[in-house]
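What the coordinates show
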Amino acid sequence: MGPLITQGIIAENWNFILAFVIGIGFGFVLEQAGFSSSRKLAGVFYGYDFVVLRVFFTAAITAMTGMIFFHYFGWIDLDLVYVNPTFLTSAILGGVIMGMGFIVGGFCPGTSMCGAAIGKIDAMVFFASLFVGIFIFGETYSMWEELMYAGSLGPRKVFDTLNMSQGLFALLLIVVALVAFYITARIEKAATKVEY
Amino acid sequence: MNKKYLFLSGLLIVLGIIMAFLPAKKYGVQISPENLLLELTDDTRFVSTDEVALYLIEADPQVQLIDVRTPEEFELFSLPGAVNVPMDSLLNPNFEPYVDQVGMKTVLYSNGSVYASQAWMLYRRKAYSNIYIMKGGLNEWVETILKPIAPAATSPKEAFDLYDTRVAASQFFGGGSVVVAPNSSSGSKPAVQRKKKKAAKGGC
Amino acid sequence: MAKSINTMKNKPSKYMNPYLAGVLLGLVLLAAFYFTGRGLGASGAVKSTLASVVTSVAPDHAANSHFYEHYTKQDENPIKAWLVFEIIGALFGALISGTIAGRLKLKVEHSPKISSKTRLFAAAIGGLLFGLGSQLGRGCTSGAALSGMAVLSTAGFISMLAIFGTAYMFAYFVRKLWI
């Protein structure tokens, strides 16, 4: 039963090899989806290309559905899967800063690396600046430390927060996604085409 | 809208409805019988009374002692800092944070080794890690630490060294006699670091 | 037929259907969870690399900082991290995909309304902000938002809403950069 490495079914030293292989899949799909182009990514914010929303939502739902069924069939123990802990303040504030970085820079870390791999110079600059940003954060860490740990809720699951069952939340998420896909497709049709 | 997307949407909704009605399942992590046998055949699960004495003298913060005897026995005598988890409460979730702590060595003891060994089996079956047994239990503790017997004059030097440390330890723990003092340590329960489930470290 | 092959040679091939790409990305994510119990990520790899540089260039400085605490305590070089290997793999993956699709080209992509210089400047500012925010928010779009959403963590949904919500709010002010 998975996760295989956490359970010790696959030896720990396979970890890095698997990381590399999984990474190849990750990079390949991102590039194939068009995430290496900043103008395609930015389209989601101006209504001319909703590829980000489609790929992002579909991926989250696929993985979520897979995990729920895997768990049910006893192939994976969801309790052993890492759930990122919720720190309300830092998650929102960090998200806001990232959002500004996204709309100004046109990439996120993963996609900038994809763009850089195929020769986008703006992606390379973005990727290099990530180091600067993290370095600045590291140097001023004492300033942020208190904020980092404010509003801690622990590794909460969203359906617990909303007080419903996991399955019902999954169903709702699917419905929301489908509605979003439909609406954005309409918006995209109406929007002025942007050549890039 | 495109027909194929309509079909896929329908499929997704069906999956969603199935998910909504899937009963919740819970898996406990367990160690396989083969691995358990492997651990049973080597002696690494034991710590000696001398080692435990050293932990206590040094007030090692990485060690948590668990007393698996009855509460009455625990009241009468216990090792400093120990937490009482009677045999019938071994699986009580309230005690789980004491037994299964991050980066802590858990040492189980009873009067002899039998109950502690049973508790060890149970906890290993639950896949708690870093669980040890104090070899010989409190009987051994009294014999070796509280009332150490001087080695025969012909004994090797190591025996005398051991004896000396034991005498020193004995003095530390109240000197020569079994102290049946109402244990002063139970007042301040050791701080517990809640164990994060053994999920892999993640993050972006 | 000959003509279509010809156009394929000259023009980069089209991007994958986004829904198909999404399903594939979801399967990659699922595989990551199934094998290693964790999701995907990107900014963590940057942090590990940076920590590796800082701890070797200025070990005293790193030892004094709570930020590098996690790295200075372990014996191994921080660059030996799961995410670093994953990101190196991702670089290869993107390169493979770009090569197959014929998209390998050194260029600055920008809106016709701005110069390359402006674009690069904006990218630098954006990267800086994103780097900073990813540390505060404990992960970027892939690690916190996508992987978080897949395991239905509250943090994942909050991060996602915060990132995209803010980007939408500011989109109007920087529209010249894009359209």
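Everything quoted here is computed from the prediction, not taken from an experiment.

Residues and elements named next belong to chain C. In terms of domain boundaries, chain C breaks down into domain 1 (15-106) and domain 2 (107-179). One C-alpha centre belongs to domain 1, the other to domain 2, and the line joining them spans 18 Å. Contacts between the two partners involve 12 residues from domain 1, matched on the other side by 11 residues from domain 2. Note on domain 1 versus domain 2: buried area summed over both sides is about 840 Å², and carbon and sulfur give 67% of it. The largest contributions to the domain 1 side of the interface with domain 2 come from Leu29, Phe33 and Ser43, which together make up 44% of the buried area. Linking domain 1 with domain 2 are zero salt bridges, by the criterion used here. Connecting domain 1 to domain 2 are two residue pairs in polar contact (both at pLDDT 80 or more). Sorting the residues of the side of domain 1 that touches domain 2 by element identifies helix 2 (18-36) and helix 3 (43-57) as the ones contributing at least two each. Among the elements that make up the side of domain 1 that touches domain 2, the one with the highest residue count is helix 2 (three residues). Its residues assigned to classes, the side of domain 1 that touches domain 2 shows seven nonpolar, three polar and two charged.

Bringing the environment of threonine 166 of chain C into the picture now. One can find threonine 166 of chain C in helix 9 (residues 154-171). Side-chain polar atoms of threonine 166 of chain C contact the backbone oxygen of alanine 162 of chain C, separated by 2.5 Å.

Moving on, we come to the sheet that holds strand 3 (residues 83-84) of chain B. Residues and elements named next belong to chain B. With parallel pairing, the five strands of this open sheet are ordered in space as 1-5-4-2-3. The open sheet is flanked by strand 1 (46-47) and strand 3, the only strands paired with a single partner. Looking at chain direction, strand 4 (residues 105-109) and strand 5 (residues 131-134) are connected through three bridges and run parallel. Counterpart to valine 107 in the pairing with strand 5 is tyrosine 132.

Residue and element names in this part refer to chain B. Axis separation between helix 3 (residues 49-57) and helix 8 (residues 157-172) bottoms out at 11 Å; the angle between their running directions is 45 degrees. The orientation of helix 3 relative to helix 8 falls into the category oblique. In the crossing of helix 3 with helix 8, the sense of the turn from one axis to the other is left-handed. Between helix 3 and helix 8, the residues in contact are Asp50, Ala53, Leu56 and Ile57 and Leu162, Arg166, Ala169 and Phe172, respectively. Grouping the amino acids of the contact of helix 3 with helix 8 by side-chain chemistry returns six nonpolar, no polar and two charged.

Conventions we followed
Residues numbered from 1 in each chain as written. Chains lettered and ligands numbered in written order. Predicted model: local features only at pLDDT ≥ 70, side-chain atom pairs only at ≥ 80, totals over all residues. Heavy atoms only, no water. Domains from an automatic or database assignment. Contact = heavy atoms within 4.5 Å. Buried area = accessible area lost by both parts, 1.4 Å probe. Salt bridge = Lys/Arg side-chain N within 4 Å of Asp/Glu carboxyl O. Polar contact = N/O pair within 3.5 Å; in protein donor to acceptor, adjacent residues only side chain to side chain. Helix = DSSP H or I, 4+ residues; strand = E, 2+ residues; numbered from the N terminus. Nonpolar A, V, L, I, M, F, W, Y, C, P; charged D, E, K, R; others polar. Pairing = 2+ DSSP bridges. Axes fitted to C-alpha atoms, helices over the stretch in contact; angles between N-to-C directions. Parallel < 35°, antiparallel > 145°, perpendicular 65-115°, else oblique. Left-handed = near helix turned anticlockwise from the far one by under 90°.

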